[in-house]
Amino acid sequence: MADYIYANVIVDISHEKVDRPFQYRIPDRLMGRVDVGSPVNIPFGRGNNVRKGYVIELTDEPQWEVDKIKEILDVAEDTVSAEDLSMKLAAWMKRHYGSTMNAALRTVIPSGKKQNRQVHKYVSLRLPEREATEYYYECARKKQTARERILKELLDNPGDRIPYELITSKLNVTSATLKSLSDKGIIRIDSEEYFRNPVAAETTRYGQKVLSDEQQNIVDSVVRDYDEGKRETYLIHGITGSGKTEVYIALIDAIVKKGRQAIVLIPEIALTYQTLMRFYRHFGDRVSVVNSSMSPGEKFDQMERARTGDIDIIIGPRSALFTPFPNTGIIIIDEEHETTYKSETMPKYHARETAIELAKLVPGGACVVLGSATPSLEAYYKARSGEYKLFELTKRLTGGTLPTVEIADLREELRKGNRSIFSLRLQELLDDRIKKGEQAMLFINRRGLAGFVSCRSCGHVFKCPHCDVSLSEHRGGRLVCHYCGYEEPVKKICPKCGSKFVSSFRAGTQQIEDEVKKFWPNARVLRMDADTTRTKGSYEKILSAFANKEADVLVGTQMIVKGHDFPNVTLVGVLAADMSLYASDYRASERTFQLLTQAAGRAGRGERAGNVVIQSYQPDHYSILTAAKQDYEAFYTEEIAYRDILRYPPISHMMSVQIQSRDEEEGMAFSNRLRALMEQQQIQNAVFIGPALATIGKINDIYRFAVYVKLDDYDGLVFLKDALEKYIKDLQDAGKLKTVSVQFDFDPVNG
Ligand code: ADP
Ligand code: ZN
Ligand code: ZN
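A quick note: this is a predicted structure, and the numbers were derived from the prediction, not measured.

**Q** Please give an account of the sheet that holds strand E19 (residues 472-474) that cites residues and values.
**A** The strand order E19-E20-E21 describes an open sheet built from 3 strands, whose pairing is antiparallel. Each edge of the open sheet is held by one strand with a lone partner, namely E19 and strand E21 (487-489). Strand-to-strand, the axes of this sheet are offset by a mean angle of 35°, without reference to chain direction. Across 3 bridges, strand E20 (residues 478-480) lies against E21 in antiparallel orientation. Each bridged residue has a counterpart across the sheet, and for Val-480 the counterpart in E21 is Glu-487.

**Q** Outline the packing of helix H8 (residues 213-227) against helix H9 (residues 244-257), supporting the account with residue identities and numerical values.
**A** It is at 10 Å that the axes of H8 and H9 come closest, and there the two elements cross at 30°. Relative to H9, the element H8 is oriented roughly parallel. Crossing hand, H8 versus H9: right-handed. Along the contact surface, H8 presents Gln-215, Ile-218, Val-219, Val-222, Val-223 and Tyr-226, while H9 presents Glu-246, Val-247, Ala-250, Leu-251, Ala-254 and Ile-255.

**Q** I'd like to hear about the site of ligand 1, residue by residue, with values.
**A** Close to ligand 1 lie 15 residues; Gly-243, Lys-244, Thr-245, Glu-246 and Leu-397 are nearest. Here the element with the most residues in the shell around ligand 1 is H9; it accounts for 3 residues. Looking at side-chain class alone, the shell around ligand 1 contains 3 nonpolar, 9 polar and 3 charged residues.

**Q** Go over helix H2 (residues 101-108), please, and point to the residues and values.
**A** Of the positions making up H2, those classed as buried are Met-101, Ala-104, Leu-105, Thr-107 and Val-108. Down the axis, H2 shows its buried residues gathered within 155° of arc, on one side only. Along its buried surface, H2 packs onto strand E4 (49-59) and helix H1 (82-97).

**Q** Any chance you could break down unusual backbone geometry for me, citing the residues and the numbers?
**A** Note that the residue after Met-346, namely Pro-347, is joined by a cis bond; omega there is -10°. Mapped onto the elements of the fold, Pro-347 is located in the loop between strand E13 (328-334) and helix H12 (351-361). In the segment running from Pro-649 into Pro-650, the intervening peptide bond is cis, with an omega of 5°. Within the secondary structure layout, Pro-650 lies in the loop between helix H20 (632-646) and strand E27 (653-661). Residue Gln-630 is not a glycine yet carries a positive backbone phi of 55°.

**Q** Would you mind going over the confidence of the model for the protein chain in detail, with residue names and values included?
**A** Considering every residue of the protein chain, the mean pLDDT works out to 84; 89% of them sit at 70 or more. Note on residues 193-206: pLDDT is under 50 here. Beyond four places in sequence and across chains, it has 19 contacts. Among the scores for the predicted complex, ipTM is 0.96 and pTM is 0.82.

**Q** Kindly report on the pairing of strand E3 (residues 39-44), identifying the contributing residues and their values.
**A** Looking at chain direction, E3 and E4 are connected through 6 bridges and run antiparallel. The partner of Ile-42 across the bridge, within E4, is Arg-51. Linkage of E3 to E4, two consecutive antiparallel strands, is achieved through a turn of 4 residues, within which Gly-45 is found at a positive phi near 75°. Bridge analysis of E3 against strand E5 (residues 74-75) gives 2 bridges, and the strand direction is antiparallel. Looking at E5, one finds that Asn-41 is bridged to Asp-74.

**Q** Residues and numbers for the packing of helix H3 (residues 129-141) against helix H4 (residues 145-156), please.
**A** As a packed pair, H3 and H4 sit with axes 9 Å apart at the nearest point and diverge in direction by 150°. Considered as vectors, H3 and H4 are oriented roughly antiparallel to each other. Classified by chirality, the crossing of H4 by H3 is left-handed. Here Glu-129, Ala-132, Thr-133, Tyr-135, Tyr-136, Cys-139 and Ala-140 of H3 come into contact with H4, specifically with Arg-147, Glu-148, Leu-151, Lys-152 and Leu-155. Residue classes in the contact of H3 with H4 are distributed as 7 nonpolar, 1 polar and 4 charged.

**Q** With reference to specific residues and values, describe the UniProt feature "binding site: Zn(2+) 1" (unreviewed entry) in the protein chain.
**A** With numbering matched to this structure, UniProt assigns "binding site: Zn(2+) 1" (unreviewed entry) to Cys-455, Cys-458, Cys-494 and Cys-497. Maximum C-alpha separation among the annotated residues is 8.7 Å over a sequence range of 43 residues, consistent with a single clustered spot. Tracing the backbone through its elements, the reader meets Cys-455 in strand E18 (residues 453-455). For Cys-455, a count of 23 C-beta atoms within 10 Å corresponds to the buried category. Among all residues touching Cys-455, those that are not within four sequence positions of it are His-460, Cys-494, Lys-496, Cys-497, Ser-499, Phe-501 and Val-502. Setting aside anything within four residues of it in sequence, one finds Cys-494 in contact with Cys-455, Ser-457, Cys-458, His-460, Ser-499 and Val-502.

**Q** If you had to explain the pairing of E13 to someone new, which residues and values would you point to?
**A** Where burial is concerned, most of E13 is hidden: 7 out of the 7 residues are buried. As paired elements, strand E10 (residues 261-265) and E13 share 5 bridges and run parallel to each other. Looking across to E13, one finds that Gln-261 is bridged to Thr-328. Examined bridge by bridge, E13 and strand E14 (residues 367-372) share 5 bridges and lie parallel to one another. What sits directly across from Ile-333, in E14, is Leu-370. Crossover connection from E13 via H12 to parallel E14: handedness right-handed.

**Q** Talk me through the sheet that holds strand E2 (residues 22-25); I want residue IDs and the actual numbers.
**A** The strands making up a sheet are joined through hydrogen bonds of the backbone, oriented either antiparallel or parallel. With antiparallel pairing, the 5 strands of this open sheet are ordered in space as E2-E1-E4-E3-E5. Every interior strand has two partners, whereas the edge strands, E2 and E5, have only one. Bridge count for strand E1 (residues 6-10) against E2 is 4 bridges, and the pairing is antiparallel. The residue of E2 that forms the bridge with Ala-7 is Tyr-24.

**Q** Run through the environment of Asp-409, naming residues and quoting values.
**A** The residue Asp-409 is located in strand E16 (residues 404-409) in this model. Along the primary structure Asp-409 and Asp-631 are separated by 222 residues, whereas in three dimensions their C-alpha atoms are 20 Å apart.

**Q** Give a description of the environment of Val-469 that names residues and reports values.
**A** Mapped onto the secondary structure, Val-469 falls in the loop between E18 and E19. Residue class for Val-469 comes out buried when judged on the 23 C-beta atoms lying within 10 Å of it. As a C-alpha pair, Val-469 and Glu-515 span 46 residues in sequence and 32 Å in three-dimensional space.

What counts and what doesn't
- Residues numbered from 1 in each chain as written.
- Chains lettered and ligands numbered in written order.
- Predicted model: local features only at pLDDT ≥ 70, side-chain atom pairs only at ≥ 80, totals over all residues.
- Pairing = 2+ DSSP bridges.
- Helix = DSSP H or I, 4+ residues; strand = E, 2+ residues; numbered from the N terminus.
- Axes fitted to C-alpha atoms, helices over the stretch in contact; angles between N-to-C directions.
- Parallel < 35°, antiparallel > 145°, perpendicular 65-115°, else oblique.
- Left-handed = near helix turned anticlockwise from the far one by under 90°.
- Contact = placed C-beta atoms within 7 Å.
- Near = placed C-beta within 6 Å.
- Nonpolar A, V, L, I, M, F, W, Y, C, P; charged D, E, K, R; others polar.
- Buried ≥ 20, exposed ≤ 12 C-beta atoms within 10 Å, placed from the backbone.
- Arc of directions from axis to C-beta.
- pLDDT = per-residue confidence, 0-100.
- UniProt positions renumbered as here; feature names shortened; annotations may be inferred.
- Right-handed = clockwise from strand over helix to strand, strands pointing away.

Okay, here's the thing in structure tokens:
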């Protein structure tokens, strides 16, 4: 810790005051004991009352007259409040990912204002079941689908009181509809200031499943560790339906009974109503949810409930990590491989690493449980090396048989003269399902579509000779590597097979829908993509329409492969499976494997066996072969070898320095300067790549460049980041940096 003279201190970290630090002198006796994030006692205001504050910055520059600056009285190390924790976590995020302290604080401190009154509303059935059932059929006849949805939910769960916010957000029912149903005496809406149900009572009421041996073993091991005072990170690797959620519930139950709290992270898109209801059924009012469709006031209320002990369990997206529980004991991250766990704004934190840091910081420590059917390379690598404990769930508890997966070679189709988007095998199976009245899903993998070029005859992909990632087509007929800037002209003839079918691939969901209609004019098709899901609630509407068998075929992008269960789906077609392989970043194969595995898992959830057809121009690629076999281990072995050869994470670490500028030349020059500055630091074994125009290139007249640094030692990257931050801050303070801005991204997941 360097010996600075002054500390900028904030006195109250509640949202509004973050922007107003006050400067204090660090007395000699405290020299070296004061760090960013330290809680300190300071004299404050005219009366010099002693207040607690937090250091957000250290500096040697006095802000005003030196002799008017007061001294810090002491470092307040004795207590650990929820605020102390937030502050420590923010300081860690600032250092670990790069950002200002203000930005880090805004991330960890719940924003929004307290609402005047906290009311929790519940919806239940008022009519007797028989009459309600009649009304339900009437709604169905009249096509009053919102009413139909809510009645179905209430009839499926007789006697339940369902949280109001769950009905409006997840069933997509408006308040007006609920009010009208209530006015008619069909449902009851209760408002209560307090509505407590002890966990124990809830547990017996809904009855817990008898866990399988595999499940019980996980619960026993984790609880045993916990009781022995060990706080570990665990990875549960298990396919969908193998009982992970049931394990989470049992673990939370055990930890909450010890008087501690639980945070459950789920990727926003998989925030399925069914999963949430399972938690509500089990834990009753001790659990709450935060999600992106809530107002800031609503979110803030949930944070208050956590702070005051009104709830023990919070479920939500990555930001739920910052719930101010007094004593968190367990953090669960479901589908830990999902990219939504990485923040796209500064600080660009990853929820997995941040959760592990938080678990270390809470008094007494917390354990962290990760779960996935297709673990991230990071998590599996650490589980293999013993840093995490690994558990496998191998059996599917939902019944149903695993689908038959076939790969259709699109190069062959071309040779056979089939110019359709559908391979002959997919046409045959689609025809069969449409005739039988069974449902099919057609999935196009659009990730990385932007401008990749390949040979449609032999599957050859144009790759960077240095970075082994796909080149993207830029204006002016150039193929460019987004990491190192290598470029070559677009070729008209394939260098491998001599064919002239070299092109960028442009099929989208609309073309697929058209093609289905061309083959089967009477088929009912639903389409789900960025266009059809623009309005709020449209996502749920399409999915529930498909679940209600209002369509034969659902066409969509990766949105359709997550979460939902459709028991009537017996065919899944993956069109151009390799599209995401062309994404110009080192995670392309991993993402492809995950998407294909998930897509294949959509078929055959019900009684009937399912088929999956994966169409590909590169049918021998290991991502595709291993996904078809649902063989994670085999995929991991191939992929980790690739990462090893090219020193990509998790074998090594990588920092992306992202430069944005309104002026192309200036941006490039500045990027080069940053690279030179980093090279001057003489960090051994650091590999510098770029600058190059970044993946997304020019958006809104802003040019984006990136310089990448690969290094085994994460702290070395942090050192380089610190050097750049200081350089940039000095320029900013001198008013010399107006048109350029810089962001950092460690071990990037989105490009
Ligand atoms: P995952 O989270 O891995 O997808 P779930 O926990 O949702 O798996 O379990 C899948 C299905 O199996 C659910 O319907 C769940 O109720 C059921 N299930 C889970 N564990 C058991 C068990 N021990 N006995 C019977 N059914 C179970
Ligand atoms: Zn070719
Ligand atoms: Zn390159």
